[in-house]
Amino acid sequence: MNKAYLGLGSNMGDKKRYLYDAIQILNHHEQITITTLSSLYETAPWGYVDQDIFMNLVVEIETTLGPIELLDVCQQIENELGRVREFKWGPRVIDVDILIYNDEKIECERLIVPHPYMTERDFVMIPLAEICPQLVVKEKKVQDWAQNFNQEALKIIS
Ligand SMILES: Nc1nc2nc(S)n(CCO)c2c(=O)[nH]1
């Protein structure tokens, strides 16, 4: 059995609904079990800032899928929910990123794990610290990475 952490985000349309639908598709996949969900956070856009605020959360899963098979499922979910890639780091109805896969370091054309930008992103590290503060990522505990960010900047929404 493999353990992975996925970062989900949306900043277009009914953001909560898109995130809920993505979680439902993951949970109904016969080779994926959702074991923990972070809270849902309202977050300021990172990377390309001239866009709407995001909603983000992190999901812990157990899966029998390999990393590329899991990536295929994540991309299928994005396609199924209507994601259109207009430009890099632009607005999107849904994003499902693989952040961590076991303790593997993967670097291939389609996939880099741990996610290359994850430790620079409050919208990843703060939800991740909520569910697995002691996990070590890039040789440092998640809780220590999360302390680099202003915890107040992210609002937990119900
Ligand atoms: N707050 C926030 N900013 C973002 N910038 C990009 S790109 N993304 C997409 C992440 O792959 C986000 C995001 O999910 N949340």
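Parameters and conventions
Residues numbered from 1 in each chain as written. Predicted model: local features only at pLDDT ≥ 70, side-chain atom pairs only at ≥ 80, totals over all residues. Heavy atoms only, no water. Phe/Tyr/Trp six-rings, centres within 6.5 Å; stacked < 30°, edge-to-face > 60°. Helix = DSSP H or I, 4+ residues; strand = E, 2+ residues; numbered from the N terminus. Buried < 20%, exposed > 50% of the residue type's maximum accessible area, 1.4 Å probe, protein only. Polar contact = N/O pair within 3.5 Å; in protein donor to acceptor, adjacent residues only side chain to side chain. Contact = heavy atoms within 4.5 Å. Pairing = 2+ DSSP bridges. Near = heavy atom within 4 Å. Areas by Shrake-Rupley, 256 points an atom, 1.4 Å probe, with all protein chains shown as cover. 1 Å grid on protein atoms, 1.4 Å probe; cavity = no way out; pocket = protein on both sides within 12 Å on 5 of 7 lines; lining within 4 Å. Sits in = over half its atoms within 2 Å of the grid points. Nonpolar A, V, L, I, M, F, W, Y, C, P; charged D, E, K, R; others polar.

What to know about the packing of aromatic side chains
Item 1. According to the stated counting rule, one finds four aromatic pairs in the structure shown.
Item 2. Taking the centre distance of 5.6 Å and the plane angle of 55 degrees together, the rings of tryptophan 46 and tyrosine 117 count as tilted. Placement of tryptophan 46 in the loop between strand E3 (40-43) and strand E4 (54-63) and of tyrosine 117 in the loop between strand E7 (112-113) and helix H3 (122-131) is noted, with a sequence separation of 71 residues between them.
Item 3. For tryptophan 46, a relative accessible area of 23% puts it in the partly exposed group.
Item 4. Judged by relative accessible area, which is 29%, tyrosine 117 ranks as partly exposed.
Item 5. A ring pair is formed by tyrosine 48 and phenylalanine 87, whose centres lie 4.9 Å apart and whose planes are at 80 degrees; its orientation type is edge-to-face. Here the residue tyrosine 48 occupies a position in the loop between E3 and E4, and phenylalanine 87 occupies one in the loop between helix H2 (67-80) and strand E5 (95-101), the gap between them amounting to 39 residues.

Section: the side chain of asparagine 2
Item 1. Within the secondary structure, asparagine 2 is located in strand E1 (residues 2-10).
Item 2. The buried category is assigned to asparagine 2, whose relative accessible area is 19%.
Item 3. There is a polar contact of 2.8 Å between the side chain of asparagine 2 and the side chain of asparagine 102.
Item 4. In this view, asparagine 2 contacts Ile61, Glu62, Thr63, Thr64, Leu65, Tyr101 and Asn102; residues no more than four positions away in its chain are not counted.

Things to note about unusual backbone geometry
Item 1. Here the residue pair valine 113 and proline 114 is connected by a cis peptide bond, since its omega of 0 degrees sits within 30 degrees of zero.
Item 2. Mapped onto the secondary structure, proline 114 falls in the loop between E7 and H3.
Item 3. Of note, the phi angle at asparagine 102 is positive, near 50 degrees, even though the residue is not glycine.
Item 4. Note on asparagine 102: relative accessible area 28%, which makes it partly exposed.
Item 5. The backbone phi angle of glutamate 139 is positive, close to 65 degrees, even though this residue is not glycine.
Item 6. Within the fold, glutamate 139 resides in the loop between strand E8 (136-137) and strand E9 (140-141).
Item 7. Given a relative accessible area of 79%, glutamate 139 falls into the exposed group.

Details of the pairing of E5
For a regular strand, side-chain orientation follows a simple rule: the groups alternate between the two sheet faces.
Item 1. Of all seven residues in E5, seven are buried, a share of seventy percent or more.
Item 2. In this structure, E1 lies alongside E5, joined through six bridges in antiparallel fashion. Across the sheet, the residue bridging to leucine 6 is isoleucine 98, located in E5.

Here we look at the site of the ligand
Item 1. The environment of the ligand is formed by Thr43, Ala44, Pro45, Trp46, Phe54, Asn56, Trp89, Arg92, Asp95, Asp97, Arg121 and Phe123.
Item 2. Contacts to the ligand include tryptophan 46, whose backbone N or O atom sits 2.7 Å from a nitrogen atom.
Item 3. About the coverage of the ligand: the protein hides 97% of its 370 Å² of free accessible area.
Item 4. Among the detected pockets, the ligand sits in the largest pocket.
Item 5. Of all the elements in the fold, those that place two or more residues in the shell around the ligand are E4 and E5.
Item 6. Taken together, the residues that form the shell around the ligand break down as six nonpolar, two polar and four charged.

Thoughts on the side chain of threonine 119
Item 1. Counting through the fold element by element, threonine 119 comes out in the loop between E7 and H3.
Item 2. In this structure threonine 119 touches Met125, Val137, Lys138, Trp145 and Phe149, once residues within four positions along its chain are discounted.

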